[in-house]
Amino acid sequence: MKSLEELRAIRAKMQGKVGVRAENENQIRVVVGMATCGIASGARPVLTALSDAVQEQNLSEKICVTQTGCIGLCQYEPIVEVLEPGKEKVTYVKMTPEKALEVLRLHLLGGQVVTKYTLGAAQNSL
Amino acid sequence: MYRSHVLVCGGTGCTSSGSQRIRERLEKEIAANGLSEEVGVVKTGCFGLCALGPIMIVYPEGTFYSMVQEDDIPEIVSEHLLKGRVVTRLLYDETTKTDKIIPLNETNFYKKQHRVALRNCGVINPENIEEYIGTGGYEALGIVLTEKTPEDVIQILLDSGLRGRGGAGFPTGLKWKFAAANEADQKYVCCNADEGDPGAFMDRSILEGDPHAVLEAMAIAGYAIGASQGYIYVRAEYPIAVKRLEIAINQAREYGLLGENIFDSGFNFDIELRLGAGAFVCGEETALMTSIEGNRGEPRPRPPFPALKGLFQKPTILNNVETFANIPQIIVNGPEWFASMGTENSKGTKVFALGGKIHNTGLVEVPMGTTLREIVEEIGGGIPNGKKFKAAQTGGPSGGCIPAEHLDVPIDYDNLKKIGSMMGSGGLIIMDEDTCMVDIAKFFLEFTVDESCGKCTPCRIGTRRMLEILEKITKGQATMEDLDKLEELCYHLQSSSLCALGQTAPNPVLSTLRYFRDEYIAHIVDKKCPAGVCKDLLQFKIDPDKCKGCTLCARTCPADAIIGSVREVHMIDSEKCLKCGACIEKCRFGAIYKE
């Protein structure tokens, strides 16, 4: 080890990973439906894409990506719910890894709900 | 990159309840479900709730599973890790008391705790240096070597108010200052990991859960006093701790955090392990250093103090594991942060190994000044089976007991001394109304008699004579003169023993005499043991009104001491009775009692 910068580079690399183990009430919770219906329609790549991106971008202390069972809207799977403390729950439906990353960028980081992917938009278009 | 981390405790407590097998099965099941790329299994150090082991935590949810059995693993993997459905029946019952699952840090056990020395225990994989660095590890060493002078470091420690966690509570900064002031061609930094108090295991848990914190602090100490060599004196009875320390030292060398020219500052420091054979006296600083030198572990008179002439006759500092574990945090967060916790003269937090008659046995870390009542009733979950609190023993064989009347005293170095006990290394054994205080004093004396090194007469012979008197008392053969003699011996040992082992050996007797003299007198004058422990003073009897003559007790008795036939009142032959208590456990009518 030759300098503090070198140490801090390792720390930055590891922080996202170890940060997954942080418990924090103010975290934004991102929940992916991972029941049989969700898995069948492709929830697993969505979950891993979100989880990897959060860790790579060192956001794991702020955002907690986790899975849940069947939400009851099987025809809309894969479903991703965003639960932000003090705000109303946002439900995104028919997610793909690409759409999920868009949600991460625009909503979780940008604070702008991606209306076109929400449950409301999907139901209106029927 | 893993989306989920499963942390399985790999401390000594959970290893002995089978966590190794659980980890292997877990890895197998995860692979069978095709989750190897998504879920990582991490072996960590101690979580603190050892009684509930094996313990497993699943992140990012923070789900805490206790008493996990191997057969539970397939369910955890297929339900929780794959489908996200928590296996509720395995949750720690404290988290499921209400309808909603509450987070771990809001349970009674963890709520009042404040983890500084234990901050990484149960969080990181202790065998991976990068995880330690990821939680801010070695930052303190980097700051110290690149931005601070040795004097700055010592000043920070003095300002923080940190005192030694090994027993005596000497200010750490002052110790370093003395050693730094002495000129020598070589100086040494030693870590006392010879944890010997019965019931204390915080040092072991720190070494097992966060070994790099100790290495980092020792390197900081080396820089502050001008030493280039460190030794960790650890018990060979701690195999997991020894193995993790070896791994940690090798990794630190590999990353250039030990060795030559650390952080390009020109500072060299290396650490070696020395294994102790488990002699209690080697926890005493001069005996410990004598043992590192390769000689028989016996203390020597002080002065000269180790800061002047220590290991190999060179200036040496010796600190305890827990003391070291606090130091990197003090450097990174500043002395004011540390001094903001605790009481006037005792800053920071203290780890206690909670044991005995208490619901949650395990490790707890609380700010100094927390009361014993908070530890026992809130964190510890109270005393099982509805029994009453009688006393708590702190400081092991060198400490004393705290009776119920002092439950609300804020625990710190000075208050404990005032009420006749001591902090010691932090063993905290809770005793209920079924404990005989004379018997407890005898237990600790037996320990010191065994562990006395024999170098000085007061300790070698004095402890033996004290034990003999205590044995006489518990057998009902002592007189009041014996009690006076016992007390007199206590004061002689305190004033004339060579080292702390002998000087503090009378403490358990003195403090039980101070608070429970009536129990001693009951043994001597009435020939009775009020708690019903001392067998020679007990008689087992059957209440004729309650006995239904079921013969269960007679069939259980290993000594055939119970006489009686079916549907007739039974009797115990006190000549034959071994007083083992087997009959009391079996009797369904509560007819058998001790007197």
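Conventions and cut-offs
Residues numbered from 1 in each chain as written. Chains lettered and ligands numbered in written order. Predicted model: local features only at pLDDT ≥ 70, side-chain atom pairs only at ≥ 80, totals over all residues. Helix = DSSP H or I, 4+ residues; strand = E, 2+ residues; numbered from the N terminus. Rg over C-alpha atoms; globule rule 2.2 N^0.38 Å. Buried ≥ 20, exposed ≤ 12 C-beta atoms within 10 Å, placed from the backbone. Contact = placed C-beta atoms within 7 Å. Nonpolar A, V, L, I, M, F, W, Y, C, P; charged D, E, K, R; others polar. Expected span 1.5 Å × (residues − 1). Arc of directions from axis to C-beta. Pairing = 2+ DSSP bridges. Axes fitted to C-alpha atoms, helices over the stretch in contact; angles between N-to-C directions. Parallel < 35°, antiparallel > 145°, perpendicular 65-115°, else oblique. Left-handed = near helix turned anticlockwise from the far one by under 90°.

> Please clarify how the overall build of chain B should be interpreted in this entry.
In terms of helices and strands, chain B carries 23 helices and 18 strands. The C-alpha atoms of chain B give 26 Å as radius of gyration, which agrees with the globular expectation for 595 residues (25 Å, within 12%). Dimensions of chain B, computed from the C-alpha atoms along their principal axes, are close to 85 × 65 × 40 Å. Out of the 595 residues belonging to chain B, those deemed buried represent 53%. Within chain B, contacts between residues at least 6 apart in sequence are counted, and of these 71% link residues at least 24 apart.

> How should the overall build of chain A be read in this particular structure?
Each helix and strand counted, chain A has five helices and four strands in total. The N-to-C order of helical and strand elements in chain A reads α-β-α-α-β-β-β-α-α. Each principal axis of the C-alpha atoms in chain A carries an extent, and together these give about 60 × 30 × 25 Å. Buried positions account for 39% of the 126 residues belonging to chain A. Of the contacts formed within chain A by residues at least 6 apart in sequence, a portion of 67% connects residues at least 24 apart.

> Before we go on, may I ask you to explain the environment of Glu365(B) in this structure?
All names here are of chain B. Along the polypeptide, Glu365 turns up in strand E11 (residues 362–367). Overall, the presence of 23 C-beta atoms within 10 Å leaves Glu365 in the buried class. Placed 255 residues apart in sequence, Glu365 and Tyr110 show a C-alpha to C-alpha distance of 9.0 Å. Among all residues touching Glu365, those that are not within four sequence positions of it are Gln113, His114, Arg115, Val116, Ala117, Leu118, Thr349 and Val351.

> What should I look at first to understand the interface of chain B and chain A in this one?
How large an interface is tends to be reported as the accessible area lost when its parts come together. Taken together, the contacts link 32 residues of chain B with 27 residues of chain A. Of all the secondary-structure elements, those providing two or more residues to the side of chain B that touches chain A are helix H3 (73–83), helix H5 (129–134) and helix H6 (139–147) of chain B. Sort the elements by how many residues they give to the side of chain B that touches chain A and H5(B) lands first, with four residues. Taken together, the residues that form the side of chain B that touches chain A break down as 13 nonpolar, ten polar and nine charged.

> I'm lost on helix H18 (residues 457–474) of chain B in this one. Help?
Quick reminder: α-helices carry 3.6 residues per turn. Residues three or four places apart thus point the same way. Residues and elements named next belong to chain B. Between its first and last C-alpha atoms H18 spans 26 Å; for 18 residues at 1.5 Å apiece the expected length is 26 Å, and the two agree. For H18, every residue scored as buried is listed here: Cys459, Gly462, Thr463, Met466, Leu467, Leu470, Ile473 and Thr474. Down the axis of H18, the sector holding all buried residues measures 135 degrees, keeping them to one side. In this structure, the buried residues of H18 make contact with helix H17 (437–451), helix H19 (480–496), helix H20 (500–504) and helix H21 (507–524). Just beyond H18, the residue with positive phi is Gly476, at close to 75 degrees.

> Can you help me understand the sheet that holds strand E4 (residues 63–65) of chain B in this one?
Strand pairing in a sheet takes place through backbone hydrogen bonds and is either antiparallel or parallel in direction. All names here are of chain B. Strand order in the open sheet formed by four strands is E2-E1-E3-E4, and the pairing between neighbours is mixed. Each end of this open sheet is capped by a strand with a single partner; those strands are strand E2 (39–44) and E4. On average, each strand axis in the sheet is tilted by 20 degrees relative to the strand beside it, whichever way the strands run. Across four bridges, strand E1 (residues 4–9) lies against strand E3 (residues 56–59) in antiparallel orientation. Looking at E3, one finds that His5 is bridged to Tyr59.

> Is there a simple way to explain the packing of helix H7 (residues 150–160) of chain B against helix H10 (residues 211–225) of chain B in this structure?
The geometry of a pair of packed helices is captured by two quantities: the angle between their axes and the separation between those axes. All names here are of chain B. Orientation of H7 relative to H10, taken along the N-to-C sense of each, is 120 degrees, at an axis distance of 7 Å. The orientation of H7 with respect to H10, classified from their angle, is oblique. Judged by the sense of rotation from one axis to the other, the crossing of H7 with H10 is left-handed. Contacts from Pro150, Val153 and Ile154 of H7 reach H10 at Ile220, Tyr223 and Ala224.

> What exactly am I supposed to notice about unusual backbone geometry here?
Most peptide bonds are trans, and most residues other than glycine sit at a negative phi. Residues and elements named next belong to chain B. Looking along the chain, the bond that leaves Gly53 and enters Pro54 is cis, with omega of -5 degrees. Residue position: Pro54 is located in the loop between E2 and E3. In this structure, the amide linkage connecting Pro303 to the following residue, Pro304, adopts the cis form with an omega of 5 degrees. Tracing the backbone through its elements, the reader meets Pro304 in the loop between helix H12 (285–292) and strand E9 (316–320). Residue Asn385 is not a glycine yet carries a positive backbone phi of 60 degrees. Checked against the element boundaries, Asn385 lands in the loop between helix H15 (372–379) and strand E12 (389–394). Take Asn385: there are 8 C-beta atoms within 10 Å of it, and that puts it in the exposed class. Its identity as a non-glycine residue notwithstanding, Lys527 has a phi of 55 degrees, on the positive side. Checked against the element boundaries, Lys527 lands in the loop between H21 and strand E15 (540–542).

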